[in-house]
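# Structure assessment
Chain by chain, the residues:
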Amino acid sequence: MDESGESVVERTRTAYECVASSLRTDLGAELANRVARLLVVEALTAAVLGERDPDLAAALDEPGLSGERTADVSSALDAVEPDLRGFVREIRSDGIGADATAPGADGRDRDALGRVYEALAPAERRRERGEFHTPSAVCDLVTRLTVTDADDVVLDPAAGSGRFLASAHRRLRALGADDGRLLDRLFGVEVRAAPARLAETALALRAGGVANDERTGAAPDDANVRVTDFFAVDPGDLRSDPAGFDAVVGNPPYVRQEAIEGRTRVRRHLARLDATDLSGRSDLSVYFLTHATEFLADGGRLGFVVSDRWLDTRYGEDVQRFVRDRYRVEAVVTFDRQAFDDSLAGVTMLVLERERDDRRRAENVATFLRLRGDRPVEAVAALVEQSRDPDELVVTDDYRLLARRQADLANERAWWLSFAAPPAYFDYRSAADVVGLDDVADVSRGVTSGANEFFYARTEAFERRGVAEYAAPLLRASGQVDRIRFDDAAAAEWRVLDVHDLVATAPSAATGEASDGSNGTRVERWLRREGHDALADYVAWGRGQGFHDRRSFDGDDVWFDLGETSPAPLLHTRFTWRTHRTVWNEAEAVADQQFYEIRPNEDADPLVLCGLLNTRVTALACELLGRRAGGDGMTRLQQTVYETERVPIPDPRTFDARERTAVRERVLSLMDAEANADADRATALDRLDEAVLSTVGMTGRADDVERALSRLVEERRRGAARASAVMVDHDRPP
């Protein structure tokens, strides 16, 4: 945005603060801010169009506002009207209004109006509503790929201040649309009146002309922007043509499922789409996508900018199935650089075409494009539109592109794989005898104590208190793990208080023990009678610290009993930094919830499974199926139980004797190499990788896997640095 636009934004912000301050005494802060936004936006509209005085009273005719202390609002308007009219004169007299908000001669959209709304609505409030400013280049890319004919009719169901509608206007003009009919082809829905008015003004500026230094032609009311909740709108409400819209575009709000107001109402349309099984954990933008489906014509295109969370979450599997069953997936685009200046969430651009024919959907080849740097809109569009063969992979410094047959996407639980996985991974995962870890083992979270300060201690600390005999070896954190084998020497440092078997022998109240006090108190007395004085003293100390009152303990429970702790033979780390390891729990240590316990089924050899889980190909799967911990640049890899369960491995139950022996011997050799400072761990791991990959017909592919794993780990290491620009827009038409 240029200097003229910055001036409009700054003067509008100043006017808003002045008006809001004047209103707060009579109306209170929240209502005053709301009224001030409406009044200032109306004043700005009149100022930049230059053809009329602001209709301030009409500006307050917002749904829901009329019932809020109407008399007080009307009275307050009289007090601030002189300030607002002075603001209008100031903008007009400087001659910067229309110039700052209309497209410039260089074709760049100055978009001061969009920035005005951001200035009037605090970033925290917009974040709560899931509203984020969309860069012009992203808007233009969406409309470039979805608006394909001069006669297209376009809808933005979350219009905001009109950035996508303005971009669609430019696109239609570039396609040769009749200027006199353009506004008839653009429709918007926006739940709040202030940004909706800005959207109307943005369209009026583009549709009008200039004669004798006066702007002529379209007025804001000529624009088809409806102020209402999109989920209160049915397809026939916006236009009479039953064929539907040719394109639906936008950046719908991202609101987590627990914060969605009126979720039952929002989900009501799913019955018409036979989609009531869509996960209730879906965020609000998902429902915009499903409802927008009802508005599209057959062959119509949808272009949305949404959070990328649906690419690798459990609820995202439902979203992916919904899309596959109703659309041809034209393109899914992600950005390595952060696309929204005020958002920590990653974003995805989704381009779909409505298609009812099952065969055509199945045979469609979808483009998965990951942009790593700045590229012009037309260059990105060319990548998306180029015809490609299924499984074609193109990797350059600027982007990674993978073409996928849409029928094959049905086998994917997470579409994120298409942006990161190498061909070797797809070959491995699709091999005949590869199964999920949960097919051969149970996976569960380790112990959550609720009071680590009480239950966990270094061995010498428990010895000083005389309770070491009541403690078991503990694997407390991944920092203890520097090799696969966790033996008695490695387990010597930490202990966990484990009194479950002892407490189980204590008499209950039903067998004659006094009934006063909690179960914990009765057992504590019993410990003293039975000569467990050191333990009773330690429990009393913990009670004195208030540990027993923590919410994680049942008030009538034996709070110092962790319950049964059955050590698992294999432990998988919840968080990973650089080196992936699944622990061989030789010490039979109890594992904290920082680890996932893996208990092989009876027909699965634990040592063979240990070998499979410590290969580079398993590490690669974890990198692809896990997630980056935190949205602020942390680079640890985090896995959930669910993600660990679905890690693909060769089915050890199908191995012949030679294959089992090879894996067992080579994982033991790897453990020995880790224990010997002079041994070559990498060579031992290479031999294990080859033994495991050969079981699924991938002999000779270990180097491919190693390179892909190294790249993903390096990307995590560099993951904190994210820029705000995604593409450059120097080729945008006026």
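Predicted model, so just to flag it, every value in this text is computed and none were measured. (Residues numbered from 1 in each chain as written. Predicted model: local features only at pLDDT ≥ 70, side-chain atom pairs only at ≥ 80, totals over all residues. Heavy atoms only, no water.)

Let us now look at the overall build of the protein. Helix and strand counts for the protein come out as 28 helices and 25 strands. Here the protein holds 734 residues, and the buried ones make up 56% of them. At a minimum sequence separation of 6, the contacts of the protein that also span at least 24 residues come to 74%. (Helix = DSSP H or I, 4+ residues; strand = E, 2+ residues; numbered from the N terminus. Buried < 20%, exposed > 50% of the residue type's maximum accessible area, 1.4 Å probe, protein only. Contact = heavy atoms within 4.5 Å.)

The subject of this paragraph is helix α22 (residues 533-544). Counting along an α-helix, one turn takes 3.6 residues, and residues three or four places apart therefore face a common direction. Its twelve residues place the ends of α22 16 Å apart at the C-alpha level, agreeing with the 16 Å of an ideal helix rising 1.5 Å per residue. Of the surrounding secondary structure, the elements contacted by the buried residues of α22 are α18 (452-455), α19 (459-465), β17 (494-497), α20 (500-503) and α21 (519-529). Looking one or two residues beyond α22, the residue adopting positive phi is G546, at roughly 85°. (Expected span 1.5 Å × (residues − 1).)

Our focus in this paragraph is the environment of E317. Note on placement: E317 falls in helix α13 (residues 314-326). Sequence separation between E317 and W415 is 98 residues; the distance between their C-alpha atoms is 8.6 Å. Sequence-distant contacts of E317, that is, excluding residues within four places in its chain, are made with R413, Y642 and R646.

Looking now at the nonpolar core. The biggest cluster of nonpolar side chains holds 99 residues, and the ones touching the most others in it are W310, V332, W415, L437, L609 and I649. In contact with L437, not counting residues within four places along its chain, are V443, I598, L609, L613, T644, E645, V647 and I649. Core analysis: the second largest hydrophobic core is formed by 41 residues, V147, L203, V225 and A331 among them. (Core = buried A, V, L, I, M, F, W, Y, C linked by side-chain atoms within 4.5 Å.)

Right, let's talk about the packing of aromatic side chains for a bit. If you walk through the whole model with that rule in mind, you get 18 aromatic pairs. With a centroid separation of 5.8 Å and an interplanar angle of 85°, the aromatic rings of F462 and Y538 are classed as edge-to-face. Of this pair, F462 sits in helix α19 while Y538 is found in helix α22, placing the two residues 76 residues apart along the sequence. Across the pair, exposure class does not vary: F462 and Y538 are buried alike. Relative to F560, the ring of W559 has its centre 5.7 Å away and its plane inclined at 90°; by these criteria the two rings are edge-to-face. Both residues of the pair, W559 and F560, belong to the buried class. Through a chain of ring-to-ring contacts, the aromatic side chains of F454, F455, F462, Y538, W541, F547, W559 and F560 assemble into a single cluster. One Lys or Arg, R239, reaches over the ring of F245 and ends 5.4 Å from the middle of that ring. (Phe/Tyr/Trp six-rings, centres within 6.5 Å; stacked < 30°, edge-to-face > 60°. Lys NZ or Arg CZ within 6 Å of the ring centre and 35° of its normal.)

Our focus in this paragraph is empty space enclosed by the protein. In the structure shown here, the tally under the stated rule is three cavities of 30 Å³ or more. Considering only enclosed or pocket space, the second largest cavity measures out at about 50 Å³ in volume. Around the second largest cavity sit S285, V286, L289, V306, S307, W310 and V319, which together line it. Only α12 (284-293) and β7 (296-307) provide two or more residues apiece to the lining of the second largest cavity. Of the residues assigned to the lining of the second largest cavity, the class counts are five nonpolar, two polar and no charged. (1 Å grid on protein atoms, 1.4 Å probe; cavity = no way out; pocket = protein on both sides within 12 Å on 5 of 7 lines; lining within 4 Å. Points joined across faces, edges and corners; volume = space filled by probe spheres on them. Nonpolar A, V, L, I, M, F, W, Y, C, P; charged D, E, K, R; others polar.)

Within the open sheet, the three strands sit side by side as β19-β24-β23. Their pairing is antiparallel. Two strands close off the open sheet at either side, each with one partner strand: β19 (575-576) and β23 (627-628). (Pairing = 2+ DSSP bridges.)

Further remarks concern the pattern of salt bridges. For side chains of opposite charge, pairing can occur when their charged atoms come near one another. All told, the structure shown has 46 salt bridges when counted by the stated rule. Among the salt bridges present, the one from R170 reaches D140, with a minimum N-O distance of 2.6 Å. Here R170 is found in helix α9 (residues 163-174), whereas its partner D140 is found in helix α8 (residues 136-146), with 30 residues between them in sequence. With respect to burial, R170 and D140 carry one shared label: buried. Residues R616 and D689 are paired through a salt bridge, measuring 2.7 Å at the closest nitrogen-oxygen approach. You can see R616 sitting in helix α24 (residues 616-625) and its partner D689 sitting in helix α27 (residues 681-694), a full 73 residues away along the chain. (Salt bridge = Lys/Arg side-chain N within 4 Å of Asp/Glu carboxyl O.)

Of all five residues that make up strand β16 (residues 471-475), four are buried, and the element is covered over most of its length. The pairing of β16 with strand β21 (residues 590-591) spans two bridges and is parallel. Bridging across to β21, L475 finds its partner in A591.

Where α21 contacts α22, the axes come no closer than 7 Å and their chain directions differ by 150°. Relative to α22, the element α21 lies roughly antiparallel. The element α21 and its partner α22 pack so that their crossing is left-handed. Here α21 contributes E524, L527 and R528 to the contact with α22, which in turn contributes D533, L535, A536, D537, V539, A540 and R543. Along the lines of polarity and charge, the residues of the contact of α21 with α22 split into five nonpolar, no polar and five charged. (Axes fitted to C-alpha atoms, helices over the stretch in contact; angles between N-to-C directions. Parallel < 35°, antiparallel > 145°, perpendicular 65-115°, else oblique. Left-handed = near helix turned anticlockwise from the far one by under 90°.)

Mean pLDDT for the protein: 84, with 84% of residues reaching 70 or above. When the criterion is pLDDT under 50, residues 339-345 qualifies, and its contacts beyond four places in sequence or with other chains add up to 23 contacts. For the stretch residues 720-734, pLDDT sits under 50, and the model shows 54 contacts to residues farther than four places along the chain or on other chains. (pLDDT = per-residue confidence, 0-100.)

Below, the discussion takes up the packing of α8 against helix α15 (residues 377-385). Where α8 meets α15, the closest approach of the two axes is 10 Å, and the angle between their N-to-C directions is 40°. Judged by the inter-axis angle, α8 sits oblique to α15. Taken as a pair, α8 and α15 cross one another with a handedness that is right-handed. Along the contact surface, α8 presents A137, D140, L141, R144 and L145, while α15 presents V377, E378, V380, A381, V384 and E385. Of the residues contributing to the contact of α8 with α15, the split by class is seven nonpolar, no polar and four charged.

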